[in-house]
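One-letter residues, chain by chain:
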Amino acid sequence: MILRDNEYPDFVAPVEWRMIRNEITKDLKAGEWAFDCNTLEMWWSVEIFRIFNLDHKYAKPSFASYKKLLHPDDKDLVLFLFQRALEKGVPYEVSHRFTMLDDKVKWCRVKCRVQLDSSKSSVTKLFGTIQDITLWSKSVIDGRKSLNAIVEAKQQDQHGDSVTEDPTCSIC
């Protein structure tokens, strides 16, 4: 990767910036990917291998291996979006699940951008990011469960069941 003007702060050396950027993407659990529509070659950054719990020294990225990791309930949607990006040049952004080789499920936010040929008539490359949002998704799901429990308790209280309100609770 060649860094050009304004792609890194003037006060940071390019080599140092690459290391900082790698640490940031690791912290964000976000990686980059690319797909060549002519050769069908796929490339993943090291962070995507980490997200998928794969060793980048031994695993070779491919669309087939990507498809194997798609959660069965999300596979049709993701393949539809990918195919539409390939055929019609429509970028996408979607949150969906992957099933790891150990059967654990991870939620990820996937972004796909499209590169067209010079005549803008056909798609030459797809590229994007994958971010592991599993912890965020779990907290949202847990928050919904808690909120549902509070709502159910309030409804029971309104129906005459005995539920003691907490005077310090802003929801009650």
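Here is what the cut-offs are and how they apply
- Residues numbered from 1 in each chain as written.
- Predicted model: local features only at pLDDT ≥ 70, side-chain atom pairs only at ≥ 80, totals over all residues.
- Heavy atoms only, no water.
- Phe/Tyr/Trp six-rings, centres within 6.5 Å; stacked < 30°, edge-to-face > 60°.
- Helix = DSSP H or I, 4+ residues; strand = E, 2+ residues; numbered from the N terminus.
- Buried < 20%, exposed > 50% of the residue type's maximum accessible area, 1.4 Å probe, protein only.
- Expected span 1.5 Å × (residues − 1).
- Arc of directions from axis to C-beta.
- Contact = heavy atoms within 4.5 Å.

**Q** For this particular structure, what's the right way to read the packing of aromatic side chains?
**A** In this description, an aromatic ring pair is defined by two values, namely the gap between the centres and the angle between the planes. Inspection of the entire model under this criterion finds nine aromatic pairs. Pairing F35 with F82 gives two aromatic rings, centres 5.3 Å apart and planes at 75°, and the pair type is edge-to-face. On the criterion of sequence distance, the pair formed by F35 in strand β1 (residues 30–36) and F82 in helix α4 (residues 75–88) is long-range, its members being 47 residues apart. Each member of the pair F35 and F82 is classed as buried. Pairing Y66 with F98 gives two aromatic rings, centres 5.5 Å apart and planes at 70°, and the pair type is edge-to-face. Here the residue Y66 occupies a position in helix α3 (residues 63–69), and F98 occupies one in strand β3 (residues 92–99), the gap between them amounting to 32 residues. Residues Y66 and F98 agree in their burial class; the two are buried. Pairwise contacts between aromatic rings join F35, W44, F49, F52, F63, Y66, F82 and F98 into one cluster.

**Q** For this particular structure, what's the right way to read unusual backbone geometry?
**A** A negative phi angle characterises most non-glycine residues, just as the trans form characterises most peptide bonds. A positive phi angle, near 65°, is found at L40, a position not held by glycine. Assignment of secondary structure puts L40 in the loop between β1 and β2 (42–44). Look at D103: it is not a glycine, yet its phi comes out positive at around 75°. The residue D103 is located in the loop between β3 and β4 (105–116) in this model.

**Q** I'm lost on α4 in this one. Help?
**A** Along an α-helix, residues three or four positions apart point the same way, because every turn accommodates 3.6 residues. Compared with an ideal rise of 1.5 Å per residue, which puts 14 residues at 20 Å, α4 spans 19 Å between its outermost C-alpha atoms and is within 8% of the ideal. Regarding α4, the residues found buried are V78, L81, F82 and A85. All buried residues of α4 fall inside an arc of 95° around its axis, so they share one side. Exposed residues pointing more than 90 degrees away from the buried face of α4 are listed as D76, E87 and K88. Looking at the buried side of α4, the elements it contacts are β1, α3, β3, β4 and β5 (123–132). Looking one or two residues beyond α4, the residue adopting positive phi is G89, at roughly 75°.

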